[in-house]
Amino acid sequence: KNEVEQSPQNLTAQEGEFITINCSYSVGISALHWLQQHPGGGIVSLFMLSSGKKKHGRLIATINIQEKHSSLHITASHPRDSAVYICAVFRRSYIPTFGRGTSLIVHP
Amino acid sequence: GAVVSQHPSRVICKSGTSVKIECRSLDFQATTMFWYRQFPKQSLMLMATSNEGSKATYEQGVEKDKFLINHASLTLSTLTVTSAHPEDSSFYICSAQLQQGVNSPLHFGNGTRLTVT
């Protein structure tokens, strides 16, 4: 079993819909990152969380340390949000462990 | 924001040859760089951690003689795939951190798609 599980694996939405991507992990962590991988392969770091909630534009990330769970929300989704979203956790070391990613397609 | 440049973005080589991939931090000094491999529809797989001026730390199962990593300066790390074989064909991507630590953001290169014929 992967230490980091993401759901759903694939997600299709219509433009404007509210989207939630989930990440559960089985070990104690120090920090969690949400990453966005574009179709060409480039990866952008969206959020770095160790507690609570962060918001950047239409993106919101939350984490519940006790439940070992994090969510990434996209409000008013747009076709340009189509990408693979990856959850990465850091345990005590600085070595990340990655989830398999959630492939999101937003149709106009 | 911090920029990491990876070159080349795409390379095709013949079996038995070696390929060098460069990862540069353009506007910051990266204490630590990571090298990953990604298979289609799979997650990132950490290959090795590279610290400036010291030998890279390889993950279990990664052949250090096949995947040579050099981190000669605070802005440059290179990955050389030696004696490449078709099974080495994959997407390779690097990331860099300004400082080592769990709360330091990861900055990624755009990746290199390697095809070995």
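These numbers come from a predicted model, not from an experiment. (Residues numbered from 1 in each chain as written. Chains lettered and ligands numbered in written order. Predicted model: local features only at pLDDT ≥ 70, side-chain atom pairs only at ≥ 80, totals over all residues. Heavy atoms only, no water.)

(A) Structural view of the overall build of chain A. Scanning chain A for helices and strands turns up zero helices and 11 strands. Relative to the globule expectation of 13 Å for 108 residues, the C-alpha radius of gyration of chain A, 13 Å, shows essentially globular dimensions. A principal-axis box enclosing the C-alpha atoms of chain A has dimensions of 40 × 25 × 20 Å. Per-residue burial for chain A yields a buried fraction of 45% across its 108 residues. Carbon and sulfur atoms provide 50% of the accessible area of chain A, an area that totals close to 5,200 Å². Here chain A contributes 10 positively and 6 negatively charged side chains, and the mean placements of these two sets differ by 9 Å. (Helix = DSSP H or I, 4+ residues; strand = E, 2+ residues; numbered from the N terminus. Rg over C-alpha atoms; globule rule 2.2 N^0.38 Å. Buried < 20%, exposed > 50% of the residue type's maximum accessible area, 1.4 Å probe, protein only. Areas by Shrake-Rupley, 256 points an atom, 1.4 Å probe, with all protein chains shown as cover. Lys, Arg positive; Asp, Glu negative; His and termini not counted. Charge placed at Lys NZ, Arg CZ, Asp CG, Glu CD.)

(B) A look at the pattern of salt bridges. Tallied over the full model, the rule gives three salt bridges over all chains. The partner of A:Arg58 in a salt bridge is A:Asp81, with the nearest N and O atoms 2.8 Å apart. Of the two residues, A:Arg58 is situated in the loop between β6 (52-56) and β7 (59-64) and A:Asp81 in the loop between β8 (69-74) and β9 (83-90); the sequence distance between them amounts to 23 residues. Since its relative accessible area comes to 7%, A:Asp81 is described here as buried. In this structure, B:Lys66 engages B:Asp88 in a salt bridge whose closest nitrogen and oxygen atoms are separated by 2.9 Å. Highlighted residues: B:Lys66 in the loop between β6 (57-58) and β7 (67-73) and B:Asp88 in the loop between β8 (76-81) and β9 (90-97), separated in sequence by 22 residues. (Salt bridge = Lys/Arg side-chain N within 4 Å of Asp/Glu carboxyl O.)

(C) Region of the structure containing the interface of chain A and chain B. Chain A puts 21 residues into the contact, and the matching count from chain B is 23 residues. Counting the surface lost from both chain A and chain B, the interface buries some 1,700 Å², and carbon and sulfur atoms represent 64% of this. Together, A:Ile43, A:Tyr94 and A:Phe98 form the three largest contributors to the area buried by chain A at its contact with chain B, with a combined 35%. Linking chain A to chain B there are zero salt bridges. Along the contact surface separating chain A from chain B lie three residue pairs in polar contact (both at pLDDT 80 or more). Elements represented by at least two residues in the side of chain A that touches chain B include exactly β4 (31-37), β5 (43-49) and β10 (96-98) of chain A. (Contact = heavy atoms within 4.5 Å. Buried area = accessible area lost by both parts, 1.4 Å probe. Polar contact = N/O pair within 3.5 Å; in protein donor to acceptor, adjacent residues only side chain to side chain.)

(D) Region of the structure containing the sheet that holds β6(A). All names here are of chain A. One open sheet accounts for five strands, arranged β1-β3-β8-β7-β6; its pairing is antiparallel. Edge positions in the open sheet fall to β1 (4-7) and β6, since each of these has one partner strand only. For this sheet, the mean inter-axis angle between neighbouring strands, taken without regard to orientation, is 15°. As defined by bridge partners, β7 adjoins β8 across six bridges and the pair is classed as antiparallel. Among the inter-strand pairings, asparagine 64 is bridged to a residue of β8, identified as histidine 69. (Pairing = 2+ DSSP bridges. Axes fitted to C-alpha atoms, helices over the stretch in contact; angles between N-to-C directions.)

(E) Here's a closer look at the state of the cysteines. In total, this model carries two disulfides over all chains according to the counting rule given. The partner cysteine of A:Cys23 in its disulfide is A:Cys87, sulfur to sulfur 2.0 Å. Its torsion about the S-S bond being -60°, the disulfide of A:Cys23 and A:Cys87 is classed as left-handed. Residue A:Cys23 is found in strand β3 (residues 19-25), and its partner A:Cys87 is found in strand β9; the two are separated by 64 residues along the sequence. On the basis of relative accessible area, A:Cys87 is assigned to the buried category, the value being 0%. For B:Cys23, the disulfide goes to B:Cys94, at an S-S distance of 2.0 Å. Judged by the torsion about the S-S bond (80°), the B:Cys23/B:Cys94 disulfide is right-handed. With B:Cys23 in strand β3 (residues 19-25) and B:Cys94 in strand β9, the pair connects residues that are 71 residues apart, well separated along the chain. (Disulfide = S-S within 2.5 Å.)

Interpretation note: all reported values are geometric properties and have no functional meaning in isolation.
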